[in-house]
Amino acid sequence: MGMTRIGPGPGRALLLCLTFVPVVLACSSETEPVKEVPVEVPAYERACLPARTAERIPLRQAGTRPTVTETFDHLKTRVDAQCASCHVAPNIQGGFQYTSDVEGLKRDGARMALKADQGEMPPRATPSQLKEAVEVSCALQSWLAQGAPAGAFPVRCEASSEGGVAVAREVGDAMTDLGNCVPYVSPEYPLGSDAPKDTFFAGLTKLPRLLSETDTDIMTFDMAKLVEHGTVAFAPTYPLFSDNAKKLRLVHVPAGQSIRYDAETKRFHVPPNTRFYKTFFKAVSDGNGHRRYRRIETRLIVVREPWSQSLFGTYLWNEDETVAELHDLRYRDNEPFSDRVLVYKAFEIGGATRNYAVPGAHRCVQCHTGAEARNFVLGFTPLQLNRRASGEAGVDAKTRVEEDELNQMDRLVRYGVVTGVPVFRELAALEEHLPRLERFAEARALPGSEEARKAALELQGYFVGNCGQCHSPHGFAVQSNPAIASLDFTAEGILFGWNPCGVKESNGQRVYADCEVPSFQQDLVLRTPSSTLYQRVARDTDARVIHMPTNVPGKDCRASLLVARYLATLEWPAEKSLSPEAKLEAVRTRLRQADTAVAGSCSDPADVTWIAEDFTDKVPYEPRGHDWRQAIGHGPFEFLTRYAITERHEQLAKKRFPTNWWQPKRVCSFPTRSSPPDGHDPWNDSRDKWMVNALGNPRAPWGELYYSTPGATAYQGICANCHGRAGDGQTGAAKVLVALNGGRVANLVSGMFGATDGVSNLGLFDTLNPHGAARYLAYMASGGTTVQFTPEFMSAWIKYGEVDIDFSPRASDWSKWGANMLGAGRGACDLIRTGSFGTASAEPPSGNRNAVGGVRMWEEVCTLDNVLTDAVRGGQEPALTEWLQRAQFNVGVMAYFYLRDELSRGASAIHPLRTECERGVTP
């Protein structure tokens, strides 16, 4: 039974004083009038009792701050050690070069410091190299701020402590995940409010510079004060892992409003201008050798409707922890706020430091886009607030969960923060009103042993806090790659009842769970484990897989263990004929092997590895290919200005062709048709044979034919794999490229196809001749990009099955193309030349089994102003090379017109895939 603690009743001091006065009068023998004695009634103080929670976060006292002195000569040596091999003459990697002297560093030092702070330079740095780069950046900024002295200068880069607020010692000593205490609230003394701040936030268009300018008393971290202004604490059942940081989460709902629970949808409605704060604490060993915690950053979300208008940012704390200033390090396009790396002193005795990674705004958007209620808020959901005891519903049995955490929802309801949920004295009664993880499992009638059910619950609990926001219908992972839409890791998603044994990933290369390995334990410790579910959480990013969870720093060994234990409990094919007892023993053996393997191969890293991501372009825009003016139209790229781009190209780019069938969904309706489209008879037209079966009947109702344009097909089937369906460069493949070789994928929509001061950036290419931008695009995708794609990268990140393009099956061709992805278009046209595009009955040449249609479309693209002669069909040179070259150029022009005329209008203009009939069926 949950208990509600009652604070001291109001008016007690006054009652004592009033009863005391008559006693004095009765004992007096004086007859003269009694003078009135003023009685001071102490103000009522709301009770704020110690938090009953096991998550203790005692804050450190002020950190030691030794003076650090640097000299310019030593600074120059440190800068050169980091940068000279790539950026001092004759080296000019990435088009950047500096001179190693006073004037050179005065001119370029700020830019160099910025790249180091973001973790972008040096590229693919080790944790120690990253730390050194950040420390050099600090010294460089200090030198510049002090006028670039030739001699010695003090080094300090953090915000000023002027006007700061220190947390009271008693508050810091008592800090927990629910604050320093739990305030008492009653109908007579309800939760406080702060109308002036509510008005302030309602009028904001951007966050204020200092955290102290936000909600009243937020800097004190004193819950007794914060509750008087309407700010209260909460903690989720399934937290997000962030390099083992501790966190304090606060919420403030505007006065007169509440977060409403909808019992039918089991979702919250969060009113506009509700504020969510999350402060991150990192463990430090203070000057006395005690383990304490220091504040690093406080993140703030101001909820708006629609959710895309929400304000968000992070405030970075200074060394003294008295000032928190809005992180404003800019991306290349000068928009806030980019990735950043901090270095903090983890051991004040000895001075050992540790990196701390601050995710940039794009990472915040990628994660919060998948918020359960489409409100940009993570961690504050009915499932998350309904705290569970240790070992229940996937909660780690090693985590102690005490009474104030278990009473959390009841308390928030009593505060009036949440409405629509009854107040309960017995927590068990909540089961009828709030979602529970077990219910989702029970709905799938989970088979298997108790060990299997426990492993699935524990993994799903982890997914709720760490994976479901991206792997959800609206999440970044699915939106950027619809081929993995089935991989829904929300509580209502795929995991319960799923058997991933032998199920291939969307690219068809590897399996999520290999349940036939000879030695389960040995496989877990391999550099490339057979099961990609395990490899993605247990190993660093490589050409095939990206480390998960993405966008958060550090490595979580608990994730590795949970996935390994989940795999151990799956029903392995070889054990189907065993008795129930033998099956159970096999599972228990694998569970022991999982525990042993993970314990021996996974450990908390000594420091953080962080790969910065900035997929923006400079403003004003500068073309990526620095020598494009000298290259296009000359030498191997002579053809790029020789070929004409006519109105026929533009018209063809927008012409609609049937290329496949929609994948039907219950929410979609299709038009009724009694005949094939466009008067074509697929029985008599070999190009359309894919539409009918052996009896001449349509393979699906004619109204379910899926149409696409050459422009959309070329872009979505070739370019979008890295540049993204929205053209913003935000994809898993782009993240992998940055991690592997520092290659930065262009943001096409806001860069090349964007504008500067209202003037289209495409005008920069007018000097080439008409449609110069199309020629530049073809140049970059046909040889202008020097980044190389390995066969492993190509096989993993080309989305088979989503866009109907057939091309060469040879990995040697893929490697030869590198990042010059129009090679795929060239390969498709080569199949058109030989009459084998999409005609293989069992397996098309590329391995894309859905590349069955679109033959007519590709014939028109490849042969536009490019006659397919007998010499070309026969493979005669130089006719073949010239024909393929022009065909490849045509494919690039199709993508150009789609980008220019459609995708640049915004995400709503993205052409739907055949898996997205809910976005609109072509009549």
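Everything below is about the structure shown above.
All values reported here derive from a predicted model rather than from experimental measurement. (Residues numbered from 1 in each chain as written. Predicted model: local features only at pLDDT ≥ 70, side-chain atom pairs only at ≥ 80, totals over all residues. Heavy atoms only, no water.)

A. Just the overall build of the chain, in detail. A tally of helices and strands in the chain yields 30 helices and 19 strands. Its C-alpha atoms give the chain a radius of gyration of 32 Å, within 12% of the compact-globule value 29 Å for 923 residues. Counting only C-alpha atoms and orienting by the principal axes, one finds that the chain spans roughly 130 × 80 × 55 Å. Taken across its 923 residues, the chain has 53% of its residues classed as buried. Considering only residue pairs separated by 6 or more positions, the chain has 69% of its internal contacts joining residues 24 or more positions apart. Counting only carbon and sulfur atoms, one obtains 53% of the accessible surface of the chain, whose full area is about 40,300 Å². (Helix = DSSP H or I, 4+ residues; strand = E, 2+ residues; numbered from the N terminus. Rg over C-alpha atoms; globule rule 2.2 N^0.38 Å. Buried < 20%, exposed > 50% of the residue type's maximum accessible area, 1.4 Å probe, protein only. Contact = heavy atoms within 4.5 Å. Areas by Shrake-Rupley, 256 points an atom, 1.4 Å probe, with all protein chains shown as cover.)

B. Representation of the packing of helix α27 (residues 822–834) against helix α30 (residues 879–901) within the structure. For the pair α27 and α30, the least separation of the axes is 8 Å and the interaxial angle reads 125 degrees. Taken together, the axis directions place α27 and α30 in an arrangement best described as oblique. In this structure, α27 crosses over α30, and the sense of that crossing is right-handed. Together, Leu-822, Gly-823, Gly-825, Arg-826, Cys-829, Asp-830 and Arg-833 of α27 and Leu-880, Thr-881, Trp-883, Leu-884, Gln-885, Ala-887, Gln-888, Val-891 and Gly-892 of α30 make up the contact between the two elements. (Axes fitted to C-alpha atoms, helices over the stretch in contact; angles between N-to-C directions. Parallel < 35°, antiparallel > 145°, perpendicular 65-115°, else oblique. Left-handed = near helix turned anticlockwise from the far one by under 90°.)

C. Region of the structure containing the nonpolar core. Core analysis: the biggest nonpolar cluster contains 85 residues, and Tyr-715, Met-752, Tyr-776, Tyr-779, Phe-793 and Trp-858 have the highest contact counts within it. The next biggest cluster of nonpolar side chains, apart from the first, holds 42 residues, and it includes Leu-487, Phe-520, Ala-564 and Leu-570. (Core = buried A, V, L, I, M, F, W, Y, C linked by side-chain atoms within 4.5 Å.)

D. Structural detail: helix α21 (residues 647–654). All buried positions along α21 are accounted for by His-649, Leu-652 and Ala-653. Considered in projection along α21, the buried side chains sweep an arc of 105 degrees and stay on one side of the axis. (Arc of directions from axis to C-beta.)

E. Summary view of the side chain of Thr-381. Following the sequence through the fold, Thr-381 ends up in the loop between α8 (361–368) and α9 (382–385). Accessibility expressed as a relative area gives 10% for Thr-381, which makes it buried. In contact with Thr-381, other than residues within four places in its own chain, are Phe-268 and Glu-372.

F. Seen up close, the environment of Asp-607. Within the fold, Asp-607 resides in the loop between α18 (580–601) and α19 (628–631). Once the C-alpha coordinates of Asp-607 and Lys-555 are considered, the two residues, 52 residues apart in sequence, prove to be 9.9 Å apart. When sequence neighbours within four positions are dropped, the list of residues in contact with Asp-607 reads Pro-127, Lys-131, Thr-353, Arg-354 and Asn-355. A polar side-chain atom of Asp-607 sits 2.7 Å from the main-chain amide nitrogen of Asn-355. (Polar contact = N/O pair within 3.5 Å; in protein donor to acceptor, adjacent residues only side chain to side chain.)

G. Fine view of the pairing of strand β17 (residues 705–708). By the alternation rule, side chains of β17 split into Leu-705 and Tyr-707 and Tyr-706 and Ser-708, which are all buried. Pairing analysis gives four bridges linking strand β16 (residues 657–661) to β17, with the strands arranged antiparallel. Bridge pairing in β17 places Phe-657 opposite Ser-708. (Pairing = 2+ DSSP bridges.)

H. Up close: unusual backbone geometry. For the bond from Met-548 to Pro-549, the omega torsion is -5 degrees, close enough to zero to count as cis. For Pro-549, the position within the fold is in the loop between α16 (532–538) and α17 (557–568). The linkage connecting Glu-877 with the following residue, Pro-878, adopts the cis geometry, with an omega of 5 degrees.

I. Structural context of the sheet that holds strand β12 (residues 324–326). Read across the open sheet, the six strands follow the order β5-β6-β9-β10-β11-β12; overall the sheet is antiparallel. The two strands at the open ends of the sheet, each matched to only one other strand, are β5 (231–234) and β12. Each neighbouring strand pair of the sheet contributes to a mean axis angle of 30 degrees, computed without reference to strand direction. Relative to strand β9 (residues 275–285), strand β6 (residues 246–252) is paired through seven bridges, and the arrangement is antiparallel. The residue bridging Leu-248 from the neighbouring strand is Thr-279, located in β9.

J. Focus on the packing of aromatic side chains. If you walk through the whole model with that rule in mind, you get 33 aromatic pairs. Judged by centre distance (5.1 Å) and plane angle (45 degrees), the rings of Phe-312 and Phe-376 are tilted. In this pair, Phe-312 is assigned in strand β11 (residues 311–317) and Phe-376 in the loop between α8 and α9, connecting sequence segments 64 residues apart. Residue Phe-376 is classed as buried on the basis of its relative accessible area, which comes to 3%. Grouped by ring-pair contacts, the aromatic residues Tyr-621, Trp-628, Phe-637, Phe-765, Tyr-776 and Tyr-779 constitute a single cluster. One cation-aromatic arrangement involves Lys-197 over Phe-200; the distance from NZ or CZ to the ring centre is 4.9 Å. The residue whose ring lies beneath Arg-295 is Phe-221, and the NZ or CZ to ring-centre distance is 5.0 Å. (Phe/Tyr/Trp six-rings, centres within 6.5 Å; stacked < 30°, edge-to-face > 60°. Lys NZ or Arg CZ within 6 Å of the ring centre and 35° of its normal.)

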